[in-house]
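Single-letter residue listing:
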Amino acid sequence: MSWVSHTGTQTQPIQNPSLVQDKDRHEVAEMWRSVALAARCTGKFGVVKRNTLKQIDNFSDAIESDDNLGETHDNIQMENSTVFTDYGDTQMGDFVPEEGEKREKLVYEIDMYKLENVLSLLQSSSSSIDVSLESSLDSFNLDLHEQFVVKVLETPLVLGENLIGFFKWVMKHPEYKVTVAVVDALVRAICSRIRNKDVYALWDLVKEIGQKDNSVLTVEILNELIALFSKLGKGKAAFEVFNKFGDYGCVENQETYYLTIEALCRRSIFDWAWSVCEKMIETGSIPHSEEVGKFISWFCKGSKPKEAYLVYTLAKEKNKYPPQSAVNFLISSLCQKDETVKLALEMLDDFSGVAQKYAIKPFSSVIGSLCRMKDVDGAKTLLFKMISEGPPPGNAVFNYVISAHSKAGDMKQAIEIMKLMKTRGLKPDVYSYTVVMSGYANGGQMEEACKILYEAKKNHSRLSSVTYHTLIRGYCKLEEFDKALKLLNEMKDVGIQPNVDEYNKLIQSLCLKALDWRAAEKLLEDMKLKGLHLNGITRALIRAVKELEEEGIENGEALMEA
């Protein structure tokens, strides 16, 4: 890109702006300010990078002051290829104003005295403005111009409510036409302050502007408002802005959809967020992979895994794959309900290579869900796929299948899976042994259950109370109370403190089935010594059995006497 200078009616390239003659400095500086202004106002050159425009503004000031001219020139030159998007072969020189009306913007000079008066007024706190803001501005007899208004709006340390008041005053002058540049400057100024009161006042003002002339409202301006409402946690307000796009002749872009959905999900308004997402899907405007991942996570958190799955499939069709963490979260969410487990199972086919190697959690979630649904064959099929293709299954995966077979009473298959587990170099844990013992105990096969207990004690120095509780319950079911009491004492010997459940189950069985209140009372005393408390119902049961026996004895003695 070549720098340009206007001398008369000629436009000439300047290879180095440091060579600009003093007499040309002011004119060239104003020309560059016009370039930035035109870039902000025009729509045909696409979205302008604001940091680059700021550099152009700085460059214009540097031309006049000769400060850091070379450095600013280098920065502008470096950004040349990204100043505009979708502008084809357009060069910055194309913005050079011509003779006539465009030329007038070059020669406009801001009255610094009047500017200082306005800024002094606006930088005061609202309470310190004695007379009304509008009457004070009227007294300055300002010659309003776009550059003047933008300069005021871009000045820091001005209260947002004063800027809005100034803008409203400007709008009342029929000779001044509001432009995209000034609305954009106002929105950016208010957004940089982030105050609830100012933001809502700004939105009301924008709606007023849109009613008068919606051509000055752009997608970028509305997106700024949505983003600000999102930061403030005002999801409903962001949604209101989104719904105004059509009224203002603006077409939503990817950023619009993302910001609106983000704002709504932050407030857990997931139904509205999904309605926005549906519109996004209809337009085929699928965002980038990272944003797709956020959509998936948000909808999963909002208990909408089906909707998240739809976003995932559409993004996949466009080769936009979300982060693996989001995919794993989606699979886990789909596994929560039986009706969506099949979708999670289908998603596992998308794993390959390194991703599949480390996908133990999603595979495990699906196998666990299939077992919960009693689809043991489907779970085993996936288990064998893991063994042959990866990821290598761990104890948790095998335990899901072992437990499913045990609950179904298919102990042969449960033992086979346990053996397969051992051939994989895995050691069955206490849970593995417990579920197998439970399966045998439920089927009344206490001898087989005790064999598993013996094997478990050889491989694990300490078992759990649940392991013993499983067998105690099994012996009580068969009314073999001596063996149940023996296991209870064994628990104490190996350092496992029996809990209330073990005592309660055994006491109830002794009372209801054996009518042995004496053994039950001994257990009750044992519980007291350990600081355990039996519930009132079971205590009453011991007394009832005792009274029943005493009453029977009395009746028997009475009969003998008779």
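For the structure itself, look to the data block above.
Everything in this summary refers to the structure shown in the same document. All values derive from a computational prediction rather than experimental measurement.

Moving on, we come to the overall build of the chain. Tallying secondary structure elements over the chain gives 30 helices and 2 strands in all. By residue count, 49% of the 562 residues in the chain fall in the buried class. Carbon together with sulfur atoms contributes 49% to the accessible area of the chain, which is approximately 28400 Å² in total.

Between helix α15 (residues 289-301) and helix α16 (residues 305-317), the shortest axis-to-axis distance is 7 Å and the interhelical angle comes to 165°. Our classification of the angle between α15 and α16 gives roughly antiparallel. The two elements α15 and α16 cross, and the hand of that crossing is left-handed. Between α15 and α16, the contacting residues are V292, F295, I296, F299 and C300 on the first element and P305, A308, V311, Y312 and A315 on the second. The residue inventory of the contact of α15 with α16, partitioned by class, reads 10 nonpolar, no polar and no charged.

Here we take up the pattern of salt bridges. As enumerated under the stated definition, the model contains 22 salt bridges in all. A salt bridge links E154 to R188; the shortest N-O distance between them is 3.6 Å. Of this pair, E154 sits in the loop between α7 (146-153) and α8 (160-171) while R188 sits in helix α9 (residues 180-191), and the two are 34 residues apart along the sequence. Residue classification places E154 among the partly exposed positions, given a relative accessible area of 33%.

In a regular helix each residue adds 1.5 Å, so 13 residues correspond to 18 Å; helix α28 (residues 500-512) covers 18 Å between its end C-alpha atoms and thus fits that length. The set of residues buried in α28 consists of E502, Y503, N504, L506, I507, S509, L510 and C511. At the N-terminal boundary of α28, the capping side chain belongs to N499, with an oxygen 3.0 Å from the backbone nitrogen of D501.

Moving on, we get to unusual backbone geometry. With an omega of 0°, the peptide bond running from G390 to P391 counts as cis. In this structure, P391 sits in the loop between α21 (376-389) and α22 (395-407). Its identity as a non-glycine residue notwithstanding, N319 has a phi of 60°, on the positive side. Its place among the elements puts N319 in the loop between α16 and α17 (324-334). Relative accessible area serves as the criterion here: at 59%, N319 is assigned to the exposed category.

The final tally for this structure, using the stated rule, is 12 aromatic pairs. A centroid spacing of 6.4 Å and a plane angle of 35° characterise the contact between Y309 and Y312, whose relative ring orientation is tilted. Linking Y309 with Y312, this pair stays in helix α16, spanning 3 residues, or about one helical turn. Note on Y309: relative accessible area 16%, which makes it buried. For Y312, a relative accessible area of 3% corresponds to the buried category. Among the aromatic residues, those joined into a cluster by ring pairs are F239, F242, F245, Y257 and W272.

One finds F166, F167 and V183 to be the most contacted residues of the largest nonpolar core, which totals 158 residues. Counting residues per element, this core draws most heavily on α9, which supplies 10 residues.

Turning our eyes to something else, we now look at α22. The α-helix winds at 3.6 residues per turn, so residues separated by three or four positions along the chain end up facing the same way. Taking 1.5 Å as the rise per residue, α22 with 13 residues should run 18 Å; its terminal C-alpha atoms sit 18 Å apart, in good agreement. Those residues of α22 that sit buried are V397, F398, N399, V401, I402, S403, A404, H405 and S406. Where the residues of α22 are buried, they touch α20 (360-372), α21, α23 (411-423) and α24 (430-442). Within two residues after α22, G409 carries a phi angle of roughly 80°, on the positive side.

With that out of the way, let us pick up the side chain of K320. Position of K320 relative to the elements: it lies in the loop between α16 and α17. Of the side chains bearing the opposite charge, E291 lies closest to the buried K320, which forms no salt bridge; the N-O distance is 7.8 Å. At a separation of 2.5 Å, a polar atom in the side chain of K320 contacts the main-chain carbonyl oxygen of I286. The residues contacting K320, other than those within four sequence positions of it, are Q254, I286, P287, S289 and A315.

Before going further, it helps to examine the environment of A449. Looking at the element boundaries, A449 is found in helix α25 (residues 446-459). In this structure A449 comes out as buried when scored by relative accessible area, which is 0%. Each C-alpha atom, one on A449 and one on T434, is 9.1 Å from the other, the two residues being 15 residues apart in sequence. With residues near it in sequence (within four places) discarded, A449 still touches M437, Y440, A441 and L471.

Within the secondary structure, S369 sits in helix α20. Taking the relative accessible area as the measure of exposure, S369 reaches 3% and is therefore buried. Polar side-chain contacts of S369 include one of 3.1 Å to the backbone oxygen of C335. Among all residues touching S369, those that are not within four sequence positions of it are C335 and V341.

It is worth spelling out the environment of K422 at this point. Within the secondary structure, K422 is located in helix α23. The residues contacting K422, other than those within four sequence positions of it, are P428 and E455.

In contact at an axis separation of 9 Å, α20 and α22 are set at 5° when each is read in the N-to-C sense. It follows that α20 is roughly parallel to α22 by the angle criterion. Touching I360, S364, I367, G368 and C371 of α20 are V397, Y400, V401 and A404, all from α22. Grouping the constituent residues of the contact of α20 with α22 by class yields 7 nonpolar, 2 polar and no charged.

Cut-offs and rules
Residues numbered from 1 in each chain as written. Predicted model: local features only at pLDDT ≥ 70, side-chain atom pairs only at ≥ 80, totals over all residues. Heavy atoms only, no water. Helix = DSSP H or I, 4+ residues; strand = E, 2+ residues; numbered from the N terminus. Buried < 20%, exposed > 50% of the residue type's maximum accessible area, 1.4 Å probe, protein only. Areas by Shrake-Rupley, 256 points an atom, 1.4 Å probe, with all protein chains shown as cover. Axes fitted to C-alpha atoms, helices over the stretch in contact; angles between N-to-C directions. Parallel < 35°, antiparallel > 145°, perpendicular 65-115°, else oblique. Left-handed = near helix turned anticlockwise from the far one by under 90°. Contact = heavy atoms within 4.5 Å. Nonpolar A, V, L, I, M, F, W, Y, C, P; charged D, E, K, R; others polar. Salt bridge = Lys/Arg side-chain N within 4 Å of Asp/Glu carboxyl O. Expected span 1.5 Å × (residues − 1). Polar contact = N/O pair within 3.5 Å; in protein donor to acceptor, adjacent residues only side chain to side chain. Phe/Tyr/Trp six-rings, centres within 6.5 Å; stacked < 30°, edge-to-face > 60°. Core = buried A, V, L, I, M, F, W, Y, C linked by side-chain atoms within 4.5 Å. Lys, Arg positive; Asp, Glu negative; His and termini not counted.

None of the figures reported here should be taken as evidence of function without further support.
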